[in-house]
Amino acid sequence: QVQLVESGGGLVQAGGSLRLSCAASGRTFSNYHMGWFRQAPGKEREFVAAINWSGGSTIYTDSVKGRFTISRDNAKNTVYLQMNSLKSEDTAVYYCAARSGSWYVVSRSLPAGYEYWGQGAQVNVSS
């Protein structure tokens, strides 16, 4: 089992920044690739970004490229999502998730591809 706890959400004005953190416990953190997803009211959960086990490879959904940065610190068992130039459409509950197995698969950007989930952190961006 891997337990994930997000923190760092809150209310920010459009154009501002927030950094989300996700602390992991349980099994060896560096054995897992990590992802961030988000879910706005009335919408399906969508992929935001993912990072492989070592931090050497990252992917992003097009709408956040150039604004968001995913990173990880395996010594601290933590993955981060730095969000800059926030827009009102970024308002959602943000979830971190963990997956094992190969990095080079389509499911790395799909909710069904992840085994463990955090409880979510609310991010509200006011326009």
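These lines cover the structure that appears in this document, whether it is placed above or below. In this text the structure is predicted, and so the values were computed from the model without any measurement.

The rules behind these values
- Residues numbered from 1 in each chain as written.
- Predicted model: local features only at pLDDT ≥ 70, side-chain atom pairs only at ≥ 80, totals over all residues.
- Heavy atoms only, no water.
- Disulfide = S-S within 2.5 Å.
- Helix = DSSP H or I, 4+ residues; strand = E, 2+ residues; numbered from the N terminus.
- Buried < 20%, exposed > 50% of the residue type's maximum accessible area, 1.4 Å probe, protein only.
- Core = buried A, V, L, I, M, F, W, Y, C linked by side-chain atoms within 4.5 Å.
- Contact = heavy atoms within 4.5 Å.
- Pairing = 2+ DSSP bridges.
- Axes fitted to C-alpha atoms, helices over the stretch in contact; angles between N-to-C directions.
- Salt bridge = Lys/Arg side-chain N within 4 Å of Asp/Glu carboxyl O.

Quick notes on the state of the cysteines
In the structure shown here, the tally under the stated rule is 1 disulfide. What pairs with Cys22 in a disulfide is Cys96, and their sulfur atoms sit 1.9 Å apart. Disulfide Cys22 to Cys96: torsion about the S-S bond roughly 45°, handedness right-handed. Remark: Cys96 occurs in strand S9 (residues 92–99) and Cys22 occurs in strand S3 (residues 18–26); sequence separation between them is 74 residues. Residues Cys22 and Cys96 agree in their burial class; the two are buried.

Remarks on the nonpolar core
Leu4, Met34, Trp36, Leu81, Met83 and Tyr94 are the most contacted members of the largest nonpolar core, which has 30 residues in total. Mapped onto this core, the elements with two or more residues apiece are strand S1 (2–7), S3, strand S4 (33–39), strand S5 (46–51), strand S7 (68–73), strand S8 (78–83), S9 and strand S11 (121–126). If near-sequence neighbours (up to four positions away) are discounted, Met83 is found in contact with Gly16, Ser17, Leu18, Leu20, Arg67, Phe68, Tyr94 and Val123. In this structure, Phe37, Ile59, Ala97 and Trp103 belong to the second largest nonpolar core, which totals 7 residues.

Section: the sheet that holds S8
Ordered in space as S1-S3-S8-S7, the 4 strands form an open sheet in which the pairing is antiparallel. In this open sheet, the two strands that pair with only one neighbour each are S1 and S7. Neighbour to neighbour, the strand axes of the sheet diverge by 15° on average, direction disregarded. Of the pairings in the sheet, the one linking S3 to S8 comprises 6 bridges and is antiparallel in character. Each residue of the ladder has a partner; that of Ser21, found in S8, is Tyr80.

Observations concerning the environment of Pro111
Structurally, Pro111 can be placed in the loop between S9 and strand S10 (116–117). In this structure Pro111 comes out as partly exposed when scored by relative accessible area, which is 29%. Taking the C-alpha atoms as reference points, Pro111 and Phe47, separated by 64 residues in sequence, lie 7.3 Å from one another.

Structural notes on the pattern of salt bridges
Scanning the model with the defined rule gives 4 salt bridges in all. Among the ionic pairs, Arg38 bridges to Glu46, the shortest N-O distance being 2.6 Å. A relative accessible area of 5% places Arg38 in the buried class. Given the relative accessible area of 36%, Glu46 is considered partly exposed. Beyond isolated ion pairs, a larger network of salt bridges with shared partners links Arg38, Glu46, Arg67 and Asp90.

So, to be careful, I would describe these as geometric facts and stop short of saying anything about function.
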